[in-house]
Amino acid sequence: QVQLVESGGGLVQAGGSLRLSCAASGRTFSSIDMAWFRQAPGKEREFVAGIGWSGGRTLYTDSVKGRFTISRDNTKNTVYLQMNSLKPEDTAVYYCAADSRRYSQTIVPVPTASQYYYWGQGTQVTVSS
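Values in this document were obtained by computation on a predicted structure and should not be read as measured data. (Residues numbered from 1 in each chain as written. Predicted model: local features only at pLDDT ≥ 70, side-chain atom pairs only at ≥ 80, totals over all residues. Heavy atoms only, no water.)

Draft legend 1. View of the side chain of Thr123. By secondary structure assignment, the location of Thr123 is in strand 11 (residues 123–128). Thr123 sits in the buried class, given a relative accessible area of 10%. From its side chain, Thr123 meets the backbone nitrogen of Gly9 in a polar contact 3.2 Å long. (Helix = DSSP H or I, 4+ residues; strand = E, 2+ residues; numbered from the N terminus. Buried < 20%, exposed > 50% of the residue type's maximum accessible area, 1.4 Å probe, protein only. Polar contact = N/O pair within 3.5 Å; in protein donor to acceptor, adjacent residues only side chain to side chain.)

Draft legend 2. Looking closely at the state of the cysteines. Taken as a whole and judged by the stated rule, the model has one disulfide. A disulfide bridge connects Cys22 with Cys96, and the sulfur atoms are separated by 2.1 Å. Disulfide Cys22 to Cys96: torsion about the S-S bond roughly -80°, handedness left-handed. Here Cys22 is found in strand 3 (residues 18–24), whereas its partner Cys96 is found in strand 9 (residues 92–99), with 74 residues between them in sequence. Here Cys96 falls in the buried class, since its relative accessible area comes to 0%. (Disulfide = S-S within 2.5 Å.)

Here is the structure:
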């Protein structure tokens with residue numbers, strides 16, 4: 001069982017930065033892949049970034065490459081999403097998600113929501129123009 005709690009969302013002007021955090025409970029955090037998804041009003045939930053259980057595998061959606069960085073600290077059971085050069089189109093509720101499988105051997109984290117069993121409650125990110 002894994003419980004996820006996101007924090008760090010807020011209102012920021014275009015070009016600004018935010019750092020999202022996701023604190024996880026449970027003993028299996030260091031063995032499971034993690035990801036960030038987002039959902040804007042009227043749109044489907046979309047993959048943003050994923051990170052492997054050891055931190056060595058990462059994947060980003062094209063629209064955030066070069067601007068967002070996902071990282072994790074397994075000693076703190078926390079995954080982060082550093083978001084720079086924010087744009088109004090980044091406005092969404094951001095969700096942290098945890099894979100149910102341990103020690104995944106996929107080349108990159110899986111970018112589909114159905115792969116992730118545990119979800120946080122979400123944190124709102126609003127970017128004003």
